[in-house]
Amino acid sequence: MTIRCVLFDFSGTLFRIEPAECWLRTVLEASGITAPPAAVARWAEELEAAGALPGGGAPRRVPEHLAEQWATRDVTADHHRTLYTALARQVELPDPVLYDALYDRHMTPEAWEPYPDAREVLAALRERGVGVAVVSNIGWDLRPVFRAHGLDRFVDAYALSYEHGVQKPDGWLFRTACEALGQEPRHALMVGDDRYADGGAADIGCAVHFVDHLPARERPAALRPVLDLL
């Protein structure tokens, strides 16, 4: 098999979201709300356990009344915001305005950090003439994140779930990305951190390579093997 294009997941693959406590502290400061460090740490831990930080870990337990919304959270922008703010509201914070403010914060480029080898690998693919697409289950436009970090020039196409109304592992989203790059799935490599969602690419004939969803500083070079698979 000849690989002529590479499809990348976003969160946990090319970028990592900021830690929950940093996320919360930034929003509290921007809102002019002060709280003891111990309280901030406790709220952050509870928000993380609730799965309220998009791009972070899944909820330890999805409340029964949110189970259907969780399953379809990336189909539309409204679904995404409604679900994640509902998860956050399980945690009692000092001001109701914080729930929407937390959601808004996670969409900012400052909340995301590229993995250390992301630029190197994307640049190498561009030099080799290999097409690149980002295929993500997400409820908002991540293109500004790529632009702010100077990585947009290495991406040829985006296939985002909320723009198409379909989520990975549905093969339609992967096929859409391949078509945007002018390649057949059998010539594509999907790189992601979710064996269920990203593994769906194999069903339409793509090769698949997995990386671990770790903090950026703990995963300095996991993307480099992609270059050896071409």
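In every chain, residue numbers begin from 1 and rise along the written sequence. Under the rules for a predicted model, residues below a pLDDT of 70 receive no local features and side-chain atom pairs below 80 are neither given nor counted, while totals for whole chains, interfaces and linings still include all residues. Hydrogen atoms and water are omitted, and side-chain values are computed over all heavy atoms in the structure.

K.L.:
Before we move on, can you summarise the overall build of the chain with the specific residues and values?
P.N.:
Helix numbers and strand numbers start at the N terminus; a helix is a DSSP run of H or I with at least 4 residues, a strand a run of E with at least 2. Within the chain, the regular secondary structure consists of 10 helices and 7 strands. Across its three principal axes, the chain shows a C-alpha extent of roughly 55 × 35 × 25 Å. Taken across its 230 residues, the chain has 50% of its residues classed as buried. In this analysis, two residues are considered to be in contact whenever any of their non-hydrogen atoms come within 4.5 Å of each other. Of the contacts made within the chain by residues no fewer than 6 positions apart, 69% connect residues no fewer than 24 positions apart. Every accessible area reported is derived by Shrake-Rupley at a probe size of 1.4 Å, with residue values counting cover from the shown protein chains alone. Only carbon and sulfur atoms are counted for the fraction: they give 49% of the accessible area of the chain, which is about 10600 Å². The classification of residues rests on relative accessible area computed with a 1.4 Å probe and restricted to protein chains. Under 20% of the type maximum is buried, over 50% is exposed, and intermediate values are partly exposed.

K.L.:
Describe the sheet that holds strand β4 (residues 131-136), with residues and values.
P.N.:
At least two DSSP bridges between two strands are needed for those strands to be called paired. Strand order in this open sheet of 5 strands is β5-β4-β1-β6-β7, and the pairing throughout is parallel. Edge positions in the sheet fall to β5 (157-160) and β7 (207-210), since each of these pairs with one other strand and no more. Taken pair by pair, the neighbouring strands of this sheet meet at an average axis angle of 20°, ignoring direction. Relative to β5, β4 is paired through 4 bridges, and the arrangement is parallel. Counted as the bridge partner of Ser136 is Leu160 from β5. With axes taken as lines fitted to C-alpha atoms, and helix axes fitted only over the stretch in contact, angles between N-to-C directions fall between 0 and 180 degrees. Each of β1 (5-8) and β4 touches helix α6 (residues 118-127); the most contacted strand, β1, lies at about 155° to it. The sheet contacts of helix α9 (residues 171-181) involve β1, β4, β5 and β6 (188-192), and relative to β4 the element is tilted by about 155°.

K.L.:
Give a description of the packing of helix α1 (residues 20-30) against helix α2 (residues 37-50) that names residues and reports values.
P.N.:
With their axes 9 Å apart at the nearest point, α1 and α2 run at an angle of 120° to one another. Between α1 and α2, the interaxial angle falls into the category oblique. Relative to α2, the crossing made by α1 is right-handed. On α2, the residues touching Ala20, Glu21, Trp23, Leu24 and Leu28 of α1 are Val40, Ala41, Trp43, Ala44, Leu47 and Glu48. Polar here means any residue outside two lists: the nonpolar Ala, Val, Leu, Ile, Met, Phe, Trp, Tyr, Cys and Pro, and the charged Asp, Glu, Lys and Arg; Gly therefore counts as polar. Tallied by class, the residues present in the contact of α1 with α2 amount to 9 nonpolar, no polar and 2 charged. Any angle from 65 to 115 degrees is called roughly perpendicular, while one under 35 is roughly parallel, one over 145 is roughly antiparallel, and all others are oblique. Handedness of a crossing is defined here by the sense of rotation of the near helix relative to the far one, left-handed for an anticlockwise turn of less than a right angle and right-handed for a clockwise turn.

K.L.:
Give me the lowdown on the packing of α1 against helix α5 (residues 97-106), citing residues and values where you can.
P.N.:
Here α1 crosses α5 at 120°, and the two axes come no closer than 10 Å. In this view, α1 runs oblique relative to α5, as classed from their interaxial angle. Crossing handedness for the pair α1 and α5: right-handed. The residues of α5 that touch α1, namely those facing Trp23, Leu24, Thr26, Val27 and Leu28, are Leu98, Ala101, Leu102, Arg105 and His106. Split into classes, the residues belonging to the contact of α1 with α5 amount to 7 nonpolar, 2 polar and 1 charged.

K.L.:
Could you give an account of the nonpolar core, naming the residues involved and the relevant values?
P.N.:
If you look at the biggest cluster of nonpolar residues, it comprises 59 residues, and the most contacted ones within it are Val6, Phe8, Phe10, Leu14, Leu142 and Phe146. Element by element, the count of residues in this core is highest for α6, at 6 residues. Dropping the residues within four chain positions of it, Phe146 is found in contact with Phe10, Leu14, Phe15, Val134, Leu151, Asp152, Val155 and Tyr158. Of all hydrophobic cores here, the second largest spans 17 residues; its members include Val135, Val166, Leu181 and Ala201. Within this scheme, the nonpolar core is defined by two criteria: the residues are buried Ala, Val, Leu, Ile, Met, Phe, Trp, Tyr or Cys, and they are joined through side-chain atoms within 4.5 Å.

K.L.:
Go over the packing of aromatic side chains, please, and point to the residues and values.
P.N.:
Any two of the Phe, Tyr and Trp rings considered here, Trp counted by its six-membered ring, make a pair once their centres fall within 6.5 Å; the pair's planes then place it as stacked at under 30 degrees, edge-to-face at over 60, or tilted in between. By the definition in use, this model includes 8 aromatic pairs. Judged by centre distance (6.2 Å) and plane angle (85°), the ring pair of Phe10 and Trp140 falls under edge-to-face. Of this pair, Phe10 sits in the loop between β1 and β2 (15-17) while Trp140 sits in the loop between β4 and α7 (143-148), placing them 130 residues apart in sequence. Like Trp140, Phe10 is buried. A centroid spacing of 5.6 Å and a plane angle of 75° characterise the contact between Phe146 and Tyr158, whose relative ring orientation is edge-to-face. A residue pair is termed long-range when its members are at least 10 positions apart, and Phe146 in helix α7 and Tyr158 in strand β5 qualify at 12 residues. Across the pair, Tyr158 and Phe146 agree in class, each one buried.

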